[in-house]
Structures are given as C-alpha cells and as structure tokens.
Amino acid sequence: MILSLLGLSVYDSKSIYKNNTTLSIKEGEYINSIDVLLNSYNDEKFIFLGTKESIDKHKDKFQYLISQRDVEFIEILKDDLNYTFSKIISILIKHKNEKILFDITHSFRDSV
C-alpha cells in the first residue's frame, strides 16, 4: 500500500528519476514523485491525502493512470495538522499488517 501526502506541485516539465534506493522504481522522466509511484507500482493500493486543490490538480494531471489503479483520495484542510496526523495514524492502524510506502516528498511545505 502506498500512502502519499499531496502537495501543490504538478509541473508541465519532467525530471529524470534514477533508482538509487531499495524501492522498485522505474527509472525515467517523470513530473513528480506521484508520477513515479503511479508508474512504478501498478498493483498497489494508493491512498492520497491532500487539500481539495492538491487533489484536483493531481486528479486532472494523472487521470489516465489513476483510472487504472486502486486509488482513494482523502481531503484534508490546509491548516489542520491534528486532523491530518489523526487520518495518517488511522490509515496506518487499518493497514498495520501490510507493507506501507509512506511518501511525504511534496507535503508539509509552506506555500507562502
């Protein structure tokens, strides 16, 4: 299972991602880490947490990939960290017997 916190960064340009980790990542050009994960893990369940704005941006950009994966979106409020962390903890407890890849690449950044 992949648990990812969405940010607002969805670029039109691509960056080269190399697999310098123990993760099963397909090397290549991608828009962001969400693009890498959706392309590298076809059979995993994805849970994305994000604000309405970040969810809408990612749904729009990755519509084709999302439609082919087991994806759940959970909306959080921008400034409610207590709710965000309680959702994360409840997801981790619910999936405690699964391997979980926790992606925080684009989260917890101040957009001001």
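Residues numbered from 1 in each chain as written. Predicted model: local features only at pLDDT ≥ 70, side-chain atom pairs only at ≥ 80, totals over all residues. Heavy atoms only, no water.

A. The sheet that holds strand β1 (residues 2-5), seen in detail. Ordered in space as β5-β4-β1-β6, the four strands form an open sheet in which the pairing is parallel. Each of the sheet's edge strands pairs with one partner strand only, and the pair in question is β5 (70-75) and β6 (101-103). Within the sheet, the average angular offset between the axes of one strand and its neighbour, ignoring direction, is 15°. (Pairing = 2+ DSSP bridges. Helix = DSSP H or I, 4+ residues; strand = E, 2+ residues; numbered from the N terminus. Axes fitted to C-alpha atoms, helices over the stretch in contact; angles between N-to-C directions.)

B. Representation of helix α2 (residues 52-61) in the model. Residues Ser-54, Ile-55 and His-58 constitute the buried set of α2. Viewed end-on, α2 has its buried residues packed into an arc of 100°, placing them on one side of the element. Where α2 is buried, its residues meet α1 (33-40), β4 (45-50), α3 (63-67) and β5. (Buried < 20%, exposed > 50% of the residue type's maximum accessible area, 1.4 Å probe, protein only. Arc of directions from axis to C-beta. Contact = heavy atoms within 4.5 Å.)

That is the geometry; function is a separate question.
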